[in-house]
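Spelled out, the chains give:
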Amino acid sequence: LYFHAAYCFSYVEEHEQPEWTFHMVCRDCYGEEKRKNNFRPDPIVKTGSAELLDYKGSGFDRGHLVPAGDMTQSEYIMSESFFMSNMSPQNPSFNRGIWRKLESQIRKWSIVEDTIFVVTGPVFDPDGPSIGENKVAIPKAYYKALYFKSSNKMYAFLLPNEGSANALSTFQISIDELEFLVGIDFFQSLPDTLENSLESNLTELEM
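Cut-offs applied
- Numbering of residues begins from 1 in every chain and follows the order in which that chain's sequence is written.
- Two thresholds apply to this predicted model, a pLDDT of at least 70 for residue-level local features and 80 or more for giving and counting side-chain atom pairs, whereas whole-chain, interface and lining totals are computed over all residues.
- With hydrogens and water excluded, all non-hydrogen atoms of the structure serve as input to the side-chain values.
- Only protein chains enter the accessibility calculation, which uses a 1.4 Å probe. A residue is then buried if its area is under 20% of the maximum for its type, exposed if over 50%, and partly exposed in between.
- Secondary structure elements are taken from DSSP: a helix is a run of H or I of four residues or more, a strand is a run of E of two residues or more, and numbering for both begins at the N terminus.
- In this context, the arc is that of the directions from the helix axis out to the C-beta atoms.
- Defined by distance alone, a disulfide is two cysteine sulfur atoms within 2.5 Å.
- At least two DSSP bridges between two strands are required for those strands to pair.

Enquirer: Hey, could you go over helix 4 (residues 175-182) for me, with residue numbers and the actual values?
Expert: Those residues of helix 4 not exposed but buried are I175, L178 and E179. The buried residues of helix 4 occupy an angular sector of 100 degrees when the element is viewed end-on, so they sit on one face. G183 sits one or two residues past helix 4 and shows a positive phi near 70 degrees.

Shown next, in the form of structure tokens:
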């Protein structure tokens, strides 16, 4: 488990990317800092993170798991979002389309809901394809698990790593379904009775 100033993550050397990242967004968390685009290896990853050359000529974007758009509080925090440990090979039409749309929608919800806890991660096929000398695995899909603190609700989204013109609501699943798929117990610090009740819920969000 690794920690940066505004997010943490669990890194999987086999895939050269996180199995999940965790950060928080809230209406008072945003600043004016602009993108840096200073992609670089992450010095805190003991086994070594992916390299820029792994993505060169691959046809895949260096897709953020923790969005740069959520890291506008300071130059330092923005810069940390460009470590290669926060990147995953994303289809350009996905990264620049439906994925960006979901990231933007979460920021809009945070203005209304205030605090939202966000877990993001990839979903892999066993023996799936990879890119680069470090064999960075190409996920077949990505997920986001959300906990809206003020309204005490949970939501999950699962999106294939491909472009889509479908509405975000078509990618919504329950937290229970997502946990079964990826084998991770999300938001486990909540009381069990509350966690179990919220995770089985599938209430459609307003978008």
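Enquirer: If you had to explain the state of the cysteines to someone new, which residues and values would you point to?
Expert: Inspection of the entire model under this criterion finds one disulfide. The disulfide partner of C26 is C29, and the S-S distance across this bridge is 2.0 Å. Every disulfide takes its handedness from the sign of the S-S torsion; for C26 and C29 that torsion is 85 degrees, giving right-handed. Here the two residues C26 and C29 agree in accessibility, since each one is buried. Left without a disulfide partner, C8 is nearest to the cysteine sulfur of C29, which lies 15 Å away. The buried category is assigned to C8, whose relative accessible area is 12%.

Enquirer: Describe the pairing of strand 5 (residues 87-90), with residues and values.
Expert: Of the two faces of strand 5, the one holding M87 and P89 and the one holding S88 and Q90 are both buried throughout. Pairing analysis gives four bridges linking strand 4 (residues 61-64) to strand 5, with the strands arranged antiparallel. Among the inter-strand pairings, H64 is bridged to a residue of strand 5, identified as M87.

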